[in-house]
Amino acid sequence: MLDIGTTLRDARTRQSLDFPELEELTKIRPKYLRALEDERFDILPAPTYVRGFLRSYADALGLESQPFVDEFNSRFAVGDDEVVIRTRRTPTYRVERGGRESRIAILALLGIAILTALVIAAWRFGGPGAETVPGLALQGQAGRLPGTRVRGRVTLGIQAAQGSSWMEVRSGSMSGKLLYSGTLEQGQHKRFQGRQLQVSLAAPENISVRLNGNRVQLPTGTAFVVTSRRIVRASS
């Protein structure tokens, strides 16, 4: 079992690094770095940000970051993103064989008719190369919200207008390429581009955002999915 806090503290001590130096390297405030070494994860933001802090701190110390994230997930964040869905049991009724077979045949015919109508509609209104059934194009595209299509490129401007905030920006999804991780100090501005962006903020109330040049209001939450059309709260 990896001792997260002790391993980080020992690595820092061996390299004779102090917290102000590490703040410059990681853009993470010293009080958060101390909390990581003390394993006081309760005073840090949500688990999403703790993982980002661990990655940044371990990288700055020349350590492999993934074991720290895995250990945190196994010991402190098990089930934090899980949603338990309870289904209500409904009584079952016996039906005669003939009636059941008739119902199955009717549902099969209805399904074929709906599928045929969708294909025809896609062919008529989508033009050449667009003969697809709506919804099928979203299969296998991890990180996108259901019903959300990415059209065009995103130009996202982020400014710490009211105060500082730790921020992480990734391309595509939470597991996508890391574009930025650190603390955005008051007055600082960052600009990002891509097809879709995933943004996590420790203090979103301090942040001003422009999407493709237009000022937009962030929805409630701390993690967001950004497309060329809108910014929505990321699902858990």
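Remember, predicted model here, so these are calculated numbers, not experimental data. (Residues numbered from 1 in each chain as written. Predicted model: local features only at pLDDT ≥ 70, side-chain atom pairs only at ≥ 80, totals over all residues. Heavy atoms only, no water.)

## What about the pattern of salt bridges?
Okay, step 1: Considering all chains together, one arrives at 7 salt bridges under this definition.
Okay, step 2: Two residues, Arg75 and Glu39, come together in a salt bridge whose shortest N-O distance is 3.1 Å. Residue Arg75 is found in helix α5 (residues 66–75), and its partner Glu39 is found in the loop between α3 (30–38) and α4 (47–60); the two are separated by 36 residues along the sequence.
Okay, step 3: For Arg75, a relative accessible area of 33% puts it in the partly exposed group.
Okay, step 4: Shared partners join several salt bridges into a network, and the residues in it are Arg9, Arg12, Glu37 and Asp38. (Salt bridge = Lys/Arg side-chain N within 4 Å of Asp/Glu carboxyl O. Helix = DSSP H or I, 4+ residues; strand = E, 2+ residues; numbered from the N terminus. Buried < 20%, exposed > 50% of the residue type's maximum accessible area, 1.4 Å probe, protein only.)

## As for the nonpolar core
Okay, step 1: One finds Leu8, Leu36, Leu44, Leu54 and Tyr57 to be the most contacted residues of the largest nonpolar core, which totals 23 residues.
Okay, step 2: Of all the secondary structure elements, the ones that give two or more residues to this core are α1 (4–14), α2 (19–26), α3, α4 and α5.
Okay, step 3: Ignoring any residue separated from it by four or fewer positions in sequence, one finds Leu44 in contact with Tyr32, Ala35, Leu36, Val50 and Phe53. (Core = buried A, V, L, I, M, F, W, Y, C linked by side-chain atoms within 4.5 Å. Contact = heavy atoms within 4.5 Å.)

## Overview of the side chain of Ser200
Okay, step 1: By the element assignment, Ser200 lies in strand β5 (residues 197–201).
Okay, step 2: A relative accessible area of 1% places Ser200 in the buried class.
Okay, step 3: When near neighbours in sequence (up to four residues on either side) are disregarded, Ser200 contacts Thr48, Tyr49, Trp166, Met167, Glu168, Met174, Thr222 and Ala223.

## Side note on the packing of aromatic side chains
Okay, step 1: Enumeration over the complete set of coordinates arrives at 7 aromatic pairs.
Okay, step 2: Aromatic side chains Phe41 and Phe72 sit 5.1 Å apart centroid to centroid with 70° between the ring planes, which places their arrangement in the edge-to-face category. Of the two residues, Phe41 is situated in the loop between α3 and α4 and Phe72 in helix α5; the sequence distance between them amounts to 31 residues.
Okay, step 3: Ring geometry for Phe72 and Phe76: centres 6.0 Å apart, planes at 25°, overall stacked. (Phe/Tyr/Trp six-rings, centres within 6.5 Å; stacked < 30°, edge-to-face > 60°.)

## Section: unusual backbone geometry
Okay, step 1: Its identity is not glycine, yet Ser16 carries a phi of approximately 55°, on the positive side.
Okay, step 2: Tracing the backbone shows Ser16 in the loop between α1 and α2.
Okay, step 3: If you check the backbone angles, Asn212 has positive phi at about 55° while not being a glycine.
Okay, step 4: By the element assignment, Asn212 lies in the loop between β6 (207–211) and β7 (214–216).
Okay, step 5: On the basis of relative accessibility, which here comes to 34%, the residue Asn212 falls in the partly exposed class.

## Side note on α2
Okay, step 1: Those residues of α2 that fall on the buried side of the exposure criterion are Phe19, Leu22 and Thr26. Around the axis of α2, the buried residues are gathered within 60° of arc, so they sit on the same side. For α2, the exposed residues set more than 90 degrees away from the buried face come down to Pro20 and Glu24.
Okay, step 2: The inward-facing, buried residues of α2 abut α1, α3, α4 and β3 (178–184).
Okay, step 3: One side-chain oxygen of the residue at the start of α2 lies 3.1 Å from the amide nitrogen of Glu21, identifying that residue as Asp18.
Okay, step 4: In the stretch just after α2, Lys27 is the one whose phi turns positive, near 65°. (Arc of directions from axis to C-beta. Polar contact = N/O pair within 3.5 Å; in protein donor to acceptor, adjacent residues only side chain to side chain.)

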